[in-house]
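Structural features, examined
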Amino acid sequence: MVLIFYNLALLTVLVAGAPWWLWRMVTTQKYREGLAERLGRVPHWLRSADGKPVIWLHAVSVGEVLAVSRLVQEIEAAFPGYRLCISTTTRTGQELARTRFGAARVFYCPLDLPWAVRAYLNALRPNMLILAETEFWPNLLNGCFRRNIPVAVVNARISDRSWPRYQMLRSLWRPILGQLRRVLAQSATDAERLIELGCEPAFVSVSGNLKFDVRAAQESEATSVLKILGSGTRVLVAGSTLEGEEAALLEVWPRMLAADPNLIMVLAPRHPERFTAVSAILAGSGASSVRRSEWKGKAVSAIPALRSGQVVLLDTIGELASVYSLAAVAFVGGSLVPSGGGHNPLEPAQFGVPIVMGPHYANFRAITEDLRTHNAIRIALREELAEVLIELLINRKEAEAMGVRARQVFEQQAGATARSIDALREVLQLPSVSPATASRLGRDDDRRDEDRT
């Protein structure tokens, strides 16, 4: 009965919103791309099965794709008899997933329409569906339950901002979430919330955050080029910025340069559709700037060296995590504006970089509070931003110590991938992992560490 009401409401929304969606598809590429797949046309490369049973992993966007990167590697190592297929929802997530995992097994997740979901379940016939974080779609989940396909959730969380909405719809979620086979929560708070929403307590456990296990295993091209072009300068990396934050940083940029004249800034907006707008903001600010995309296809020797005071607009996808390794100080965006909710401070933490964030970090509260407890991050209001950044730029000894503490927090929290693999093995009813393999999954991979920058 709940599902009937859900589908009626979904149909009403689709009909009422059709004019808007049609207009967006005409005017915006990201709404057109993958539309046929989303509506149920299964790509031919997914139909050409190799005879192996399928595990379907869904990661909605860039953040989730990054979070499951290590898990994907370990699933392939732990379950070699299975074929892993990966879906995303957003265009940016799709691009990154194809780059990281190979285009032949990456596809757009169908819209939560009964016929679209049915088409993919019939084509893939997965032995298990794995959802990253909290991508709960009633028709997709119901389709799996009717076919006795077990569903596991990894890196599960319910943010402070979304928790009230989930509580309002508890009657909808309870009969659905109660059928999940395994739920691996990021924190005890997340586990408690998921149980309150209807997940079976026996199938809920705290595995930790997969993002603590993610390493920038390969230096990005942008990092390599910046090392050469910015040789002799110090770098401020401002990552995952939202509207309003670039202006705030540029407003205090002259003060930072007065404190450290040898500084350059790498500015990485969160959303690719804002790259052009941010470029215009840079042009109007008077700061000398260059777009990272202008370097593509050029020999490094043909690119002018960066000068102190310049701003590099990182208008590419998937390179920010590695670029953080160059930072003297990192500002993690989405945190100065109330609607942002913050972004992942673990990306700079893994490199021992001192981190600054604004006060709005509800989406990454557990991680940020852990870093705050260890004095491994600074939280600054907009009016304090210049002062905090300048203090860390000038006081190099304190900045270095803070970065060391951030790296220690990152390392101490590792292990979620190993716990997730053990749980997924139980869901698939496979033999237990050997102690040697468990040890390998639980410790940092030395070969990956050698690749890190």
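Throughout what follows, the structure given in this document is the object of discussion.

Rules used throughout
- Residues numbered from 1 in each chain as written.
- Predicted model: local features only at pLDDT ≥ 70, side-chain atom pairs only at ≥ 80, totals over all residues.
- Heavy atoms only, no water.
- Salt bridge = Lys/Arg side-chain N within 4 Å of Asp/Glu carboxyl O.
- Helix = DSSP H or I, 4+ residues; strand = E, 2+ residues; numbered from the N terminus.
- Buried < 20%, exposed > 50% of the residue type's maximum accessible area, 1.4 Å probe, protein only.
- Pairing = 2+ DSSP bridges.
- Contact = heavy atoms within 4.5 Å.
- Axes fitted to C-alpha atoms, helices over the stretch in contact; angles between N-to-C directions.
- Core = buried A, V, L, I, M, F, W, Y, C linked by side-chain atoms within 4.5 Å.
- Parallel < 35°, antiparallel > 145°, perpendicular 65-115°, else oblique.
- Polar contact = N/O pair within 3.5 Å; in protein donor to acceptor, adjacent residues only side chain to side chain.

Scanning the entire structure with this criterion turns up 21 salt bridges. Here Asp-160 ties to Arg-365 by a salt bridge, and the two come within 2.3 Å at their closest N and O atoms. With Asp-160 in the loop between β5 (151–156) and α10 (163–168) and Arg-365 in helix α18 (residues 365–373), this residue pair connects regions lying 205 residues apart in the sequence. Since its relative accessible area comes to 29%, Asp-160 is described here as partly exposed. A relative accessible area of 33% places Arg-365 in the partly exposed class. Residues joined in a network through salt bridges with shared partners are Asp-160, Arg-193, Arg-365 and Glu-369.

Peptide bonds are, in most cases, trans, and in most cases residues other than glycine have a negative phi. Notably, Asn-148 is not glycine yet its phi reads approximately 60°, a positive angle. Structurally, Asn-148 can be placed in the loop between α9 (138–146) and β5.

Pairing is parallel in the open sheet, where 7 strands are placed in the order β10-β11-β9-β8-β12-β13-β14. Looking at the sheet topology across the chains shown, the edges are occupied by β10 (289–291) and β14 (378–379). Lying over the sheet, helix α14 (residues 245–259) contacts β8 (234–241), β9 (263–269), β11 (311–313) and β12 (329–332), oriented at roughly 175° with respect to β9. Across the sheet, helix α15 (residues 275–285) is in contact with β9, β10 and β11; its angle to β11 comes to roughly 165°.

Here we take up the nonpolar core. Ranked by size, the top nonpolar core spans 38 residues in total, and within it Trp-56, Phe-136, Leu-141, Val-151, Leu-180, Val-183 and Leu-194 carry the most contacts. No other element matches the 5 residues that helix α8 (residues 114–124) contributes to this core. Phe-212, Ala-349, Ile-355 and Leu-371 belong to the second largest nonpolar core, which has 37 residues in total.

Looking now at the packing of helix α19 (residues 385–394) against helix α20 (residues 396–412). Contact geometry for α19 and α20: axes closest at 5 Å, N-to-C directions at 100°. On the basis of their axis angle, the class for α19 and α20 is roughly perpendicular. Across from Leu-392, Leu-393 and Ile-394 in α19, the residues of α20 making contact are Arg-396, Ala-399 and Met-402.

Glancing now at the sheet that holds strand β6 (residues 182–185). Taken together, 7 strands build an open sheet; the order of strands is β3-β2-β1-β4-β5-β6-β7 and the sheet is parallel. Edge positions in the open sheet fall to β3 (106–108) and β7 (204–206), since each of these has one partner strand only. Each adjacent strand pair in this sheet contributes to an overall mean axis angle of 20°, direction not counted. Pairing between β6 and β7: 3 bridges, direction parallel. Paired with Ala-185 across the bridge in β7 is Val-206. Packing against the sheet, helix α6 (residues 69–78) makes contact with β1 (54–58), β2 (83–88), β4 (126–132) and β5, and its axis sits at approximately 160° to β2. Here helix α7 (residues 91–101) sits on the sheet in contact with β2 and β3, set at roughly 170° to β3.

Let us now look at the side chain of Glu-64. Inspection of the secondary structure assignment puts Glu-64 in helix α5 (residues 62–67). Within the structure, the side chain of Glu-64 is placed 3.1 Å from the backbone nitrogen of Ser-61, a separation counted as a polar contact. Leaving out residues up to four positions away in the same chain, Glu-64 has contacts with Ala-59, Ala-132 and Glu-133.

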